[in-house]
Amino acid sequence: MGRKNASFTELPEQFDRIVNKYNSLQERPLDYGCGEDLYPSEIHVVEAVGKHPEAHMAEIGRILGVTRGAIQQTVDRLVKKGLVEKFMDESDRKRVYLE
């Protein structure tokens, strides 16, 4: 019976190790074959832009569940890396579209 109790006390510790490992992997940039290392947040934006080409930048942020500031910073990094372009909507200068 002692081993069973030990397994139940070890389970939360193992779970914590798995969660910590997952979190550490989410913080590392990876090479997705585009010539630039991308953080997970960046690849999520690239994917969302590809899936929703008609969406403007604020909509992409809403789709991903991030703030306007977070999407702006991520898009700016992607623009510098040459992976995303920004275009102003001529009829509404507040809207920025991504390609």
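Scroll up to find the structure this text is about.
So, here is what we can say about the structure in this document. Quick caveat, the model's predicted, so the values are computed rather than measured.

1. Focus: the side chain of Glu42
Among the structural elements, Glu42 can be located in helix H2 (residues 40-51). For Glu42, a relative accessible area of 0% corresponds to the buried category. Among the polar contacts listed, one links the side chain of Glu42 to the side chain of Arg77, at a separation of 2.8 Å.

2. A short note on the environment of Ile43
Examined against the element boundaries, Ile43 turns out to sit in helix H2. Apart from residues lying up to four places away in sequence, Ile43 is in contact with Tyr32 and Leu38.

3. Regarding the layout of surface pockets
In this structure, the largest pocket occupies an estimated 170 Å³ of space. Taken together, the elements giving at least two residues each to the lining of the largest pocket come down to helix H3 (57-64) and helix H4 (68-80). A per-element tally of the lining of the largest pocket places H4 first, with 3 residues. Here the residues of the lining of the largest pocket sort into 4 nonpolar, 2 polar and 4 charged.

4. Points about the nonpolar core
Ranked by internal contacts, the top residues of the largest apolar core, which has 13 residues, are Val45, Met57, Ile60, Ile71, Val75 and Leu98. When contributions to this core are tallied by element, the ones reaching two or more residues are H2, H3, H4 and strand S4 (96-98). Setting aside residues up to four positions removed in sequence, Leu98 forms contacts with Val49, Pro53, Ala55, Met57, Ile60, Val75, Val84, Glu85 and Lys86.

About the thresholds
Residues numbered from 1 in each chain as written. Predicted model: local features only at pLDDT ≥ 70, side-chain atom pairs only at ≥ 80, totals over all residues. Heavy atoms only, no water. Helix = DSSP H or I, 4+ residues; strand = E, 2+ residues; numbered from the N terminus. Buried < 20%, exposed > 50% of the residue type's maximum accessible area, 1.4 Å probe, protein only. Polar contact = N/O pair within 3.5 Å; in protein donor to acceptor, adjacent residues only side chain to side chain. Contact = heavy atoms within 4.5 Å. 1 Å grid on protein atoms, 1.4 Å probe; cavity = no way out; pocket = protein on both sides within 12 Å on 5 of 7 lines; lining within 4 Å. Points joined across faces, edges and corners; volume = space filled by probe spheres on them. Nonpolar A, V, L, I, M, F, W, Y, C, P; charged D, E, K, R; others polar. Core = buried A, V, L, I, M, F, W, Y, C linked by side-chain atoms within 4.5 Å.

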